[in-house]
Amino acid sequence: MNILITGAAGFLGSHLCERLLKEGHHVIGMDNFITGNPENLAHLTNNENFSFIRHDVANFIFVPGKIDAVLHFASPASPNPASPFGYTNLPIQTMKAGALGTHNALGVARAHNARYLLASTSEIYGDPLEHPQKETYWGHVDPIGIRSVYDEAKRFAEALTMAYHRYHGIDTRIVRIFNTYGPRMRLDDGRVVPNFIQQALRGEPLTIYGDGSQTRSFCFVSDLVEGIYRLLLSDEHDPVNIGNPTETSILEFAKTINAIIGNPAGIVIKPDMRLGDDPQRRQPDITRAKRILDWSPSVSLEEGIRKTAPYFSAKMGIA
Ligand code: NAD
Ligand code: UDP
């Protein structure tokens, strides 16, 4: 297939480009580098099956030649207002990537009669009142809350994707991605995994926002990419959760990272750093992915952190 992937220079986008090329596809990456980095694609630039277009997906997208699939991953993804790369500091760009970008990417799929896959998120469930979260849950989102620029953009993106499927017959898929981590995450986007790994490697206490009782379920990037690739090849049009169902409190997570990296500095509680509407509990129900895609994650948290830490130490210049 000839595959267009937006957000290609980001964390997930760059891993997907790699996987799609390994599967023998031709890949066109698109990105405006607002949160991504050309370095993430540097190892692919000599691959004759890879090309790149620098472009903001909020503007009309033109791609020469035939396209068989469009994967729309362009969007800031970190909530952290302490980082200039957090979507709370890029609110308009985030809404435009989710709304106008989704419209333009769907337009490409329609023009080429291509299949389309939307990167949605567990954030569409908001601060969930049901636990674990099944795809049938409608969510609990404050439409004007601090996180709404991301949550509502993704909810709109899902609605628009289903509209193109129902009214234009586009062959669409929606993946609801739960917290995923691995090499090539931005060091300074403020998400919990880059923050904790860097703090542990520097021998500093890990910053717990709030009291650390909030939970997340962390998926290693290779597991996620496998699930997304299976979904792309499937004929499932309804949303599918992809994530690791092993739930941990942020406090337990910090202790685990310190133990794996060998950081004696412990933790520091930062009650005021917790963002409004921060989901208290998050855990994917992956029954649908298991049934439809025969997929479940295989990388344990310890293995995943051990595979991720060397990327950070190399970027930080620590041997
Ligand atoms: P990332 O910030 O590393 O990657 C996003 C990429 O999109 C960046 O390269 C950025 O420059 C690009 N981009 C943003 N706006 C753009 C625009 N207007 N035009 C062109 N390019 C643009 O983040 P990520 O973690 O790789 O997330 C990728 C996608 O997956 C996002 O859509 C995000 O919402 C979704 N997602 C990620 C996670 C996760 O845990 N990593 C969880 C849920 C959903
Ligand atoms: N968090 C934290 N310390 C940090 C960064 C984040 O305790 O240095 C918390 C944050 O408040 C949230 C969780 O970790 O409860 C996950 O945050 P992240 O920014 O990774 O993404 P989210 O899952 O909230 O989108």
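As shown above, the structure is provided for reference.
Presented here is a report on the structure given in the accompanying data block. All values reported here derive from a predicted model rather than from experimental measurement. (Residues numbered from 1 in each chain as written. Chains lettered and ligands numbered in written order. Predicted model: local features only at pLDDT ≥ 70, side-chain atom pairs only at ≥ 80, totals over all residues. Heavy atoms only, no water.)

## Details of the overall build of the protein chain
Here is step 1: Within the protein chain, the regular secondary structure consists of nine helices and 13 strands.
Here is step 2: A globule of 319 residues ought to have a C-alpha radius of gyration of about 20 Å, and the protein chain, at 19 Å, matches this closely.
Here is step 3: For the protein chain, the C-alpha atoms occupy an extent of roughly 55 × 45 × 40 Å along the three principal directions.
Here is step 4: When the 319 residues of the protein chain are sorted by exposure, 55% land in the buried category.
Here is step 5: When the accessible surface of the protein chain is split by element, carbon and sulfur atoms take 53% of a total near 13,300 Å². (Helix = DSSP H or I, 4+ residues; strand = E, 2+ residues; numbered from the N terminus. Rg over C-alpha atoms; globule rule 2.2 N^0.38 Å. Buried < 20%, exposed > 50% of the residue type's maximum accessible area, 1.4 Å probe, protein only. Areas by Shrake-Rupley, 256 points an atom, 1.4 Å probe, with all protein chains shown as cover.)

## What about the site of ligand 2?
Here is step 1: Lining the immediate surroundings of ligand 2 are 17 residues, of which Asn179, Thr207, Tyr209, Arg216 and Asp278 lie closest.
Here is step 2: At 2.8 Å from an oxygen atom of ligand 2 is found a main-chain nitrogen or oxygen belonging to Tyr209.
Here is step 3: Look at ligand 2: alone it shows 520 Å² of surface, and the protein chains cover 94% of it.
Here is step 4: For the shell around ligand 2, the residue count by class is six nonpolar, five polar and six charged. (Near = heavy atom within 4 Å. Polar contact = N/O pair within 3.5 Å; in protein donor to acceptor, adjacent residues only side chain to side chain. Nonpolar A, V, L, I, M, F, W, Y, C, P; charged D, E, K, R; others polar.)

## Looking at the layout of surface pockets
Here is step 1: Empty space within the second largest pocket amounts to approximately 290 Å³.
Here is step 2: Taken together, 15 residues form the lining of the second largest pocket, with Ile124, Trp138, Glu158, Arg176 and Pro239 sitting closest to its centre.
Here is step 3: If you list the elements that add at least two residues to the lining of the second largest pocket, you get helix H4 (148-168) and strand S6 (172-177).
Here is step 4: By residue number, the principal contributor to the lining of the second largest pocket is H4, which donates five residues.
Here is step 5: For the lining of the second largest pocket, a count of residues per class yields seven nonpolar, one polar and seven charged. (1 Å grid on protein atoms, 1.4 Å probe; cavity = no way out; pocket = protein on both sides within 12 Å on 5 of 7 lines; lining within 4 Å. Points joined across faces, edges and corners; volume = space filled by probe spheres on them.)

## Topic: the side chain of Gln283
Here is step 1: Mapped onto the elements, Gln283 comes out in the loop between strand S13 (267-270) and helix H8 (287-293).
Here is step 2: Of the polar contacts made by the side chain of Gln283, one reaches the side chain of His131; its length is 3.4 Å.
Here is step 3: If near-sequence neighbours (up to four positions away) are discounted, Gln283 is found in contact with His131, Pro132, Gln133, Phe178, Ser217, Pro245 and Glu247. (Contact = heavy atoms within 4.5 Å.)

## Observations regarding the site of ligand 1
Here is step 1: Close to ligand 1 lie 27 residues, the nearest being Asp31, Thr35, Tyr150, Lys154 and Thr180.
Here is step 2: Note that an oxygen atom of ligand 1 is positioned 2.9 Å from one of the backbone N or O atoms of Phe73.
Here is step 3: Arg191 has a polar side-chain atom sitting 3.0 Å from an oxygen atom of ligand 1.
Here is step 4: About the coverage of ligand 1: the protein hides 96% of its 830 Å² of free accessible area.
Here is step 5: Taken together, the elements giving at least two residues each to the shell around ligand 1 come down to helix H1 (11-22), strand S5 (115-121) and H4.
Here is step 6: Among the residues forming the shell around ligand 1, the class breakdown is 12 nonpolar, 11 polar and four charged.

## Quick word on the pattern of salt bridges
Here is step 1: What the rule picks out here adds up to 19 salt bridges.
Here is step 2: For Arg176, the salt bridge goes to Glu158, with nearest N and O atoms at 2.7 Å. Pair noted here: Arg176 is in strand S6 and Glu158 is in helix H4, with a separation of 18 residues, a long-range link.
Here is step 3: Judged by relative accessible area, Glu158 falls into the buried class, the value being 9%.
Here is step 4: Glu247 is the salt-bridge partner of Arg281, the closest N and O atoms lying 3.3 Å from each other. Taken together, the positions of Arg281 in the loop between S13 and H8 and Glu247 in strand S12 (residues 247-249) put the pair 34 residues apart, joining distant regions of the chain.
Here is step 5: Overall, the relative accessible area of 41% leaves Arg281 in the partly exposed class.
Here is step 6: Assessed through its relative accessible area of 26%, Glu247 is described here as partly exposed.
Here is step 7: A single salt-bridge network, built from bridges that share partners, covers Glu123, Arg147, Arg216, Arg274, Asp278 and Arg282. (Salt bridge = Lys/Arg side-chain N within 4 Å of Asp/Glu carboxyl O.)

## Here's the deal with the packing of helix H2 (residues 91-98) against H4
Here is step 1: Packing of H2 against H4 brings their axes to within 8 Å, and their N-to-C directions diverge by 10°. As summarised for this structure, H2 and H4 are arranged roughly parallel, according to the angle between their axes. Between H2, through Pro91, Thr94, Met95 and Gly98, and H4, the contact on the second element is made entirely by Val149, Tyr150, Ala153, Phe156 and Ala157. (Axes fitted to C-alpha atoms, helices over the stretch in contact; angles between N-to-C directions. Parallel < 35°, antiparallel > 145°, perpendicular 65-115°, else oblique.)

## Comments concerning unusual backbone geometry
Here is step 1: Put simply, His131 and Pro132 share a cis peptide bond, and its omega is -10°.
Here is step 2: Topologically, Pro132 is positioned in the loop between S5 and H4.
Here is step 3: At Asp277, a residue that is not glycine, the phi angle is positive and equals roughly 65°.
Here is step 4: Backbone geometry at Asp294 places phi at a positive 55°, although glycine is not the residue there.

## Things to note about the sheet that holds strand S11 (residues 240-242)
Here is step 1: Pairing in this open sheet of seven strands is parallel, and the strands run S3-S2-S1-S4-S5-S6-S11 from one edge to the other. Bordering the open sheet on either side are strand S3 (50-54) and S11, each of which pairs with just one other strand. If you compare each strand with its neighbour and ignore which way they point, the axes differ by 20° on average.
Here is step 2: Sheet analysis places S6 next to S11, joined by three bridges and oriented parallel. Residue Ile177 lies in a different strand from S11, and its bridge partner there is Ile242.
Here is step 3: Relative to the sheet, helix H3 (residues 100-112) contacts strand S1 (2-6), strand S4 (69-72), S5 and S6, its axis offset from that of S4 by approximately 170°. (Pairing = 2+ DSSP bridges.)

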